Amino acid sequence: MKVLFIEDNPDHAKFGRLALDPHFEVCPSESGEDALQYLEGLARNDWPAAILLDYSLPGMDGLTVFGRIVERGYDIPVIMVTGHGDENIAVEAMKKGAYDYVVKSGNYRALLPSVIFKAVKQHEMEREKARLALDLERLVITDDLTSLFNRRYFYRKIEEEMVRAKRQNGKLTLILFDLDHFKKYNDTFGHLEGDRALKEVGKIILFSIREKVDSGCR
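So, here's what we can say about the structure. This structure is a prediction, so every number in the text was calculated from the model and none was measured.

**Considerations on the pairing of strand 2 (residues 25–29)**
Here comes step 1: For strand 1 (residues 2–6) and strand 2, the ladder comprises five bridges, and the chain directions are parallel. Bridge pairing in strand 2 places Leu 4 opposite Cys 27.
Here comes step 2: In the classification by handedness, the crossover that spans strand 1, the intervening helix 1 (residues 10–20) and the parallel strand 2 is right-handed.

Laid out in structure tokens, this is it:
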């Protein structure tokens, strides 16, 4: 498991790595600029599992770096590290979305592995929850047979598009079509063949429309 460790103090970086090395692949960085540049060069599947971010850094402080990480869309749990007496900074980081914080006091380094494991686990659970919610939303608005959007979605979408077209003084096109003699086809060849025909029509519609621009509904 890869962890990006952003710490400019050589001693703190050294002893922090000693605590982390047995458990993680540590990627050290001495400044926010270097860390952001490092992240920019990574493919999404190579992102670190977590970021350990010191508040006191040269150039940009930890909160600024954290803001840049969020702005650039890096979906990575961040743990803020602050000095003793800077707990208010940690609270501010938590309000902005940090997963946890550690105060440089006593034998704080011994806590780092467990704090990181906890943050990574929480992040995984949140992603799974979001995925399940998205799957549920798709089920609610999708026709099972054709994979087109269903009538519930159509009424909601057409209303939204009418409002947007009016606001932007634009045009809205609705194409409505029926399948000729479909009842006769169903009666002649059976409902299984009728379903197969509807599936093929759904595939044609989905192939023909522009993704995230047009909507195909049954």
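**Considering a negative patch on the surface**
Here comes step 1: Taken together, the side chains of Asp 8, Glu 30, Glu 33 and Asp 34 present a region of like negative charge at the surface.
Here comes step 2: You can see Glu 30 is positioned in the loop between strand 2 and helix 2 (32–40).

**A closer look at the pattern of salt bridges**
Here comes step 1: Across all of its chains, the model carries 15 salt bridges by this definition.
Here comes step 2: We note a salt bridge from Arg 127 to Asp 75, for which the minimum N-O separation is 3.8 Å. Taken as a pair, Arg 127 in helix 5 (residues 112–141) and Asp 75 in the loop between helix 3 (62–71) and strand 4 (78–83) lie far apart in primary sequence, 52 residues in all.
Here comes step 3: Classification of Asp 75 as partly exposed rests on a relative accessible area of 34%.
Here comes step 4: For Glu 161, the salt bridge is made with Lys 157, and the minimal N-O distance between the two is 3.3 Å. Taken together, the positions of Glu 161 and Lys 157, both in helix 6 (residues 151–167) and four residues apart, correspond to about one turn of that helix.
Here comes step 5: Judged by relative accessible area, which is 22%, Lys 157 ranks as partly exposed.

**Things to note about the packing of aromatic side chains**
Here comes step 1: Taken as a whole and assessed by the stated rule, the structure comprises five aromatic pairs.
Here comes step 2: Residues Phe 24 and Phe 117 carry aromatic rings whose centres are separated by 4.8 Å and whose planes lie at 40 degrees to one another, so their mutual orientation is tilted. With a gap of 93 residues between them, Phe 24 in the loop between helix 1 and strand 2 and Phe 117 in helix 5 connect regions that are remote in the sequence.
Here comes step 3: By relative accessible area, which is 39% here, Phe 117 ends up partly exposed.
Here comes step 4: One cation-aromatic arrangement involves Lys 14 over Phe 15; the distance from NZ or CZ to the ring centre is 5.7 Å.

**A look at the sheet that holds strand 3 (residues 50–54)**
Here comes step 1: As summarised here, the arrangement of the five strands in space is 2-1-3-4-5, forming an open sheet in which the pairing is parallel. Two strands lie at the open edges of the sheet, namely strand 2 and strand 5 (100–104), each paired on one side alone. Here the strands of the sheet are splayed against their neighbours by 20 degrees on average, with no regard to which way each runs.
Here comes step 2: As judged from the four bridges shared by strand 1 and strand 3, these two strands associate in the parallel manner. For Phe 5, the partnering residue across the bridge sits in strand 3 and is Leu 52.
Here comes step 3: Sitting on the sheet, helix 1 touches strand 1, strand 2, strand 3 and strand 5, and the angle it makes with strand 1 is about 165 degrees.

**Things to note about unusual backbone geometry**
What you tend to see is this: most non-glycine residues have negative phi, and most peptide bonds are trans.
Here comes step 1: Unusually for a residue other than glycine, Asn 169 sits at a positive phi of about 55 degrees.
Here comes step 2: By the element assignment, Asn 169 lies in the loop between helix 6 and helix 7 (182–189).
Here comes step 3: The phi torsion at His 181 lies on the positive side, around 60 degrees, for a residue other than glycine.
Here comes step 4: Position of His 181 relative to the elements: it lies in the loop between helix 6 and helix 7.
Here comes step 5: His 181 sits in the exposed class, given a relative accessible area of 63%.

**Some points on the environment of Arg 72**
Here comes step 1: Mapped onto the elements, Arg 72 comes out in the loop between helix 3 and strand 4.
Here comes step 2: For the pair Arg 72 and Glu 40, spaced 32 residues apart in sequence, the C-alpha separation works out to 9.1 Å.

Rules used throughout
- Residues numbered from 1 in each chain as written.
- Predicted model: local features only at pLDDT ≥ 70, side-chain atom pairs only at ≥ 80, totals over all residues.
- Heavy atoms only, no water.
- Pairing = 2+ DSSP bridges.
- Helix = DSSP H or I, 4+ residues; strand = E, 2+ residues; numbered from the N terminus.
- Right-handed = clockwise from strand over helix to strand, strands pointing away.
- Patch = residues over 30% accessible without salt bridge, like charges linked within 9 Å, V, L, I, M, F, W, Y side chains within 5 Å.
- Areas by Shrake-Rupley, 256 points an atom, 1.4 Å probe, with all protein chains shown as cover.
- Salt bridge = Lys/Arg side-chain N within 4 Å of Asp/Glu carboxyl O.
- Lys, Arg positive; Asp, Glu negative; His and termini not counted.
- Charge placed at Lys NZ, Arg CZ, Asp CG, Glu CD.
- Buried < 20%, exposed > 50% of the residue type's maximum accessible area, 1.4 Å probe, protein only.
- Phe/Tyr/Trp six-rings, centres within 6.5 Å; stacked < 30°, edge-to-face > 60°.
- Lys NZ or Arg CZ within 6 Å of the ring centre and 35° of its normal.
- Axes fitted to C-alpha atoms, helices over the stretch in contact; angles between N-to-C directions.
- Contact = heavy atoms within 4.5 Å.

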